[in-house]
Amino acid sequence: MVLGILVLAKLVLLELYIKDHLGSWISGFQINLGIGEILDAEAWGLFYGLPLAAKLNVQRIEIESDSAILVQLLQKNDCGLHPLGTLIAGCLNLITKFNIAKISHIFREGNMVVDALAKDSIKS
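What you see is a predicted model; the values in this text were computed from it and never measured. (Residues numbered from 1 in each chain as written. Predicted model: local features only at pLDDT ≥ 70, side-chain atom pairs only at ≥ 80, totals over all residues. Heavy atoms only, no water.)

Draft legend 1. Spotlight on the side chain of Ser-65. Along the chain, Ser-65 turns up in strand 4 (residues 60-65). A relative accessible area of 4% means that Ser-65 is categorised as buried. At a separation of 2.8 Å, a polar atom in the side chain of Ser-65 contacts the side chain of Glu-42. Only 3.0 Å separates the side chain of Ser-65 from the backbone nitrogen of Ser-67, close enough to count as a polar contact. With residues up to four places along the chain from it excluded, the contact list for Ser-65 reads Glu-42, Leu-70, Val-71, Ser-104, His-105 and Ile-106. (Helix = DSSP H or I, 4+ residues; strand = E, 2+ residues; numbered from the N terminus. Buried < 20%, exposed > 50% of the residue type's maximum accessible area, 1.4 Å probe, protein only. Polar contact = N/O pair within 3.5 Å; in protein donor to acceptor, adjacent residues only side chain to side chain. Contact = heavy atoms within 4.5 Å.)

Draft legend 2. Structural view of the packing of helix 2 (residues 68-76) against helix 3 (residues 85-95). Closest axis-to-axis distance for the helix 2/helix 3 pair is 10 Å, and the angle between their directions is 65°. Like other packed secondary-structure pairs, helix 2 and helix 3 cross with a definite hand, here right-handed. Of the residues in helix 3, those in contact with Leu-70, Leu-73 and Leu-74 of helix 2 are Ile-88, Cys-91, Leu-92 and Ile-95. Of the residues contributing to the contact of helix 2 with helix 3, the split by class is seven nonpolar, no polar and no charged. (Axes fitted to C-alpha atoms, helices over the stretch in contact; angles between N-to-C directions. Left-handed = near helix turned anticlockwise from the far one by under 90°. Nonpolar A, V, L, I, M, F, W, Y, C, P; charged D, E, K, R; others polar.)

Draft legend 3. Geometry of the pairing of strand 4. Burial along strand 4 is one-sided: the residues Ile-61, Ile-63 and Ser-65 are buried and none of Arg-60, Glu-62 and Glu-64 is. For strand 4 and strand 5 (residues 100-105), the ladder comprises six bridges, and the chain directions are parallel. Residue pairing for strand 5: Glu-64 is matched across the bridge by Ser-104. (Pairing = 2+ DSSP bridges.)

Draft legend 4. Representation of helix 2. Among the residues making up helix 2, those that are buried are Leu-70, Val-71, Leu-73 and Leu-74. Within helix 2, the buried residues cover an arc of 160° as seen down the axis, which keeps them to one side. Where helix 2 is buried, its residues touch helix 1 (38-55), strand 4, helix 3 and strand 5. (Arc of directions from axis to C-beta.)

Printed below as a string of structure tokens:
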């Protein structure tokens, strides 16, 4: 699952792509989340994207995010006091539906394709 986030003056555009292990596009969607912060958008993107992956009968999922905070919240599994705690708990519950789930942080430079796709969608 590849998640693209573009924030323009606090306006958040979310693009989510589900790709197979070869990088081929399977499904995806785009949604305007309105005014918000990047961490909120990443968490909501995961919350919207996980059910889509489950509906497509994905059994093994690798979640990569350039948001170190989101990755830490997901890996820590103890975010009850965090403002996004309920949303993160919902994501963690959805993650348990997969046979294998890997959550990892990637640096923003490794996410350049997603950023380019998100910026390109604004132009069209």
